[in-house]
Amino acid sequence: MRQNLQTGPTGDRLRPVDLARAHGLSTQAVRNYEEAGILPAAGRTPSGYRVYTPLHAAALGAFLALLPGHGHRTASEILRAVHRDAAEEAFALIAEGHAQLLGDRRTLRAVEAALRDLAPGPAPEGGALFVGPLAHQLGIRPATLRKWEAAGLVRPRPDPRTGYRVYDEAAVRDARLTHQLRRGGHLLHQIAPLITQVRAAGGLEPLADTLHTWHTRLTGRGRALLAGAAELEAYLRAREEAARPA
């Protein structure tokens, strides 16, 4: 059962073990967080033992709440900025996390729109298309297809008789999806991981489960960002309260 750290066994004085047990950590982890600047510096007893307070508990709670949404590195940087009295730096890091999530959401919507608008095209005759016919079918130049190939977005294979590039059903699918996303304004480096998702799913139809998982992951991250921000706000208020003259 989680201990109430607002009082502790000796009033407002908390031992490292009190802080560690309340959060399911080792005492060494608590010391490491302090040394890394994630926690404020602890007080010391005359014999040199660390002494923590509910303020340290609030800092640790904020850090652990920030972890799921921001990751260890950014969560650490946020707390270190707070302890340098550089709150604006901390807020900027949090804003970057929300901006990245917004970008991921826009990408997901673009992929769903591209798949929805992807009209079924004619199957390659004889199992494959050469670069010219495929480029004509998509309304682009052959050089564009070669550029997509160089970026890893399409994977033609050499024809065993002529040595020319030929595009089988999977390569045509990737070319059409790339074309749709490019029309939506996405850059090649943004499209690459999406094509990888399609290949990993085994095609467009099985991608539905992947998209559902993607939605769930983004929703979870959004809630984690909110939870982290709430704990950080509570910690900032606690710091302000502790800094007020008695």
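Quick summary incoming for the structure in this document. Because the structure is predicted, anything quoted here is derived from the model rather than measured.

1. Here we look at the overall build of the chain
Inference 1: Looking only at helices and strands, the chain has 9 helices and 5 strands in total.
Inference 2: When the helices and strands of the chain are placed in sequence order, the string is α-α-β-β-α-α-β-α-α-β-β-α-α-α.
Inference 3: By the compact-globule yardstick of 18 Å for 246 residues, the chain is too spread out, its C-alpha radius of gyration being 27 Å.
Inference 4: Projected onto its principal axes, the C-alpha positions of the chain cover 85 × 30 × 30 Å.
Inference 5: Considering only contacts within the chain whose residues lie at least 6 apart along the sequence, 59% involve residues at least 24 apart.
Inference 6: Per element, the accessible surface of the chain, about 14,200 Å² overall, is 53% carbon and sulfur.
Inference 7: The distance from the centre of the 32 positive side-chain charges to the centre of the 24 negative ones in the chain is 3 Å.

2. Overview of the packing of helix H3 (residues 54–83) against helix H9 (residues 207–243)
Inference 1: Contact geometry of H3 with H9 gives a least axis separation of 8 Å together with a crossing angle of 145°. The two elements H3 and H9 cross, and the hand of that crossing is left-handed.
Inference 2: Split into classes, the residues belonging to the contact of H3 with H9 amount to 19 nonpolar, 5 polar and 3 charged.

3. Notes on the pattern of salt bridges
Close approach of charged atoms lets side chains of opposite charge pair.
Inference 1: Counted under the stated rule, the structure contains 13 salt bridges.
Inference 2: Between Arg221 and Asp104 there is a salt bridge, with the nearest N and O atoms lying 3.6 Å from each other. Here the residue Arg221 occupies a position in helix H9, and Asp104 occupies one in helix H4 (residues 87–117), the gap between them amounting to 117 residues.
Inference 3: The buried category is assigned to Arg221, whose relative accessible area is 19%.
Inference 4: Of the residues examined, Asp104 reaches a relative accessible area of 27% and is grouped as partly exposed.
Inference 5: The partner of Arg161 in a salt bridge is Asp159, with the nearest N and O atoms 3.9 Å apart.
Inference 6: Judged by relative accessible area, which is 9%, Asp159 ranks as buried.

4. Observations regarding the nonpolar core
Inference 1: Core analysis: the largest hydrophobic core is formed by 31 residues, its most contacted members being Leu134, Leu145, Trp148 and Tyr167.
Inference 2: When contributions to this core are tallied by element, the ones reaching two or more residues are H4, helix H5 (131–138), helix H6 (142–150), helix H7 (169–183), helix H8 (188–201) and H9.
Inference 3: Non-local contacts of Leu134, meaning those with residues more than four positions away in its chain, are made with Leu129, Leu145, Tyr167, Val172 and Ala175.
Inference 4: Core analysis: the second largest hydrophobic core is formed by 26 residues, Leu14, Val30, Ala57 and Ala81 among them.

5. Some points on the sheet that holds strand E4 (residues 157–158)
Pairing between the strands of a sheet comes from backbone hydrogen bonds, and it takes one of two forms, parallel or antiparallel.
Inference 1: An order of E3-E5-E4 is seen for the 3 strands of this open sheet, with the pairing classed as antiparallel. Pairing within the sheet leaves two strands with one partner each, and these edge strands are strand E3 (129–130) and E4.
Inference 2: Of the strand pairs in this sheet, E3 and strand E5 (residues 165–167) are connected by 2 bridges, and their pairing is antiparallel. Residue pairing in the sheet places Leu129 in a bridge with Tyr167 of E5.

6. Overview of H8
Inference 1: Compared with an ideal rise of 1.5 Å per residue, which puts 14 residues at 20 Å, H8 spans 20 Å between its outermost C-alpha atoms and is within 8% of the ideal.
Inference 2: Taken together, the buried positions of H8 are Leu188, Ile191, Leu194, Ile195 and Val198. An end-on view of H8 places all buried positions within 120° of arc, on one side of the element. Facing away from the buried side of H8 by more than 90 degrees, the exposed set consists of His189 and Ala200.
Inference 3: Where H8 ends, the next residue or the one after it, Gly202, has phi of about 90°, a positive value.

The rules behind each value
- Residues numbered from 1 in each chain as written.
- Predicted model: local features only at pLDDT ≥ 70, side-chain atom pairs only at ≥ 80, totals over all residues.
- Heavy atoms only, no water.
- Helix = DSSP H or I, 4+ residues; strand = E, 2+ residues; numbered from the N terminus.
- Rg over C-alpha atoms; globule rule 2.2 N^0.38 Å.
- Contact = heavy atoms within 4.5 Å.
- Areas by Shrake-Rupley, 256 points an atom, 1.4 Å probe, with all protein chains shown as cover.
- Lys, Arg positive; Asp, Glu negative; His and termini not counted.
- Charge placed at Lys NZ, Arg CZ, Asp CG, Glu CD.
- Axes fitted to C-alpha atoms, helices over the stretch in contact; angles between N-to-C directions.
- Left-handed = near helix turned anticlockwise from the far one by under 90°.
- Nonpolar A, V, L, I, M, F, W, Y, C, P; charged D, E, K, R; others polar.
- Salt bridge = Lys/Arg side-chain N within 4 Å of Asp/Glu carboxyl O.
- Buried < 20%, exposed > 50% of the residue type's maximum accessible area, 1.4 Å probe, protein only.
- Core = buried A, V, L, I, M, F, W, Y, C linked by side-chain atoms within 4.5 Å.
- Pairing = 2+ DSSP bridges.
- Expected span 1.5 Å × (residues − 1).
- Arc of directions from axis to C-beta.

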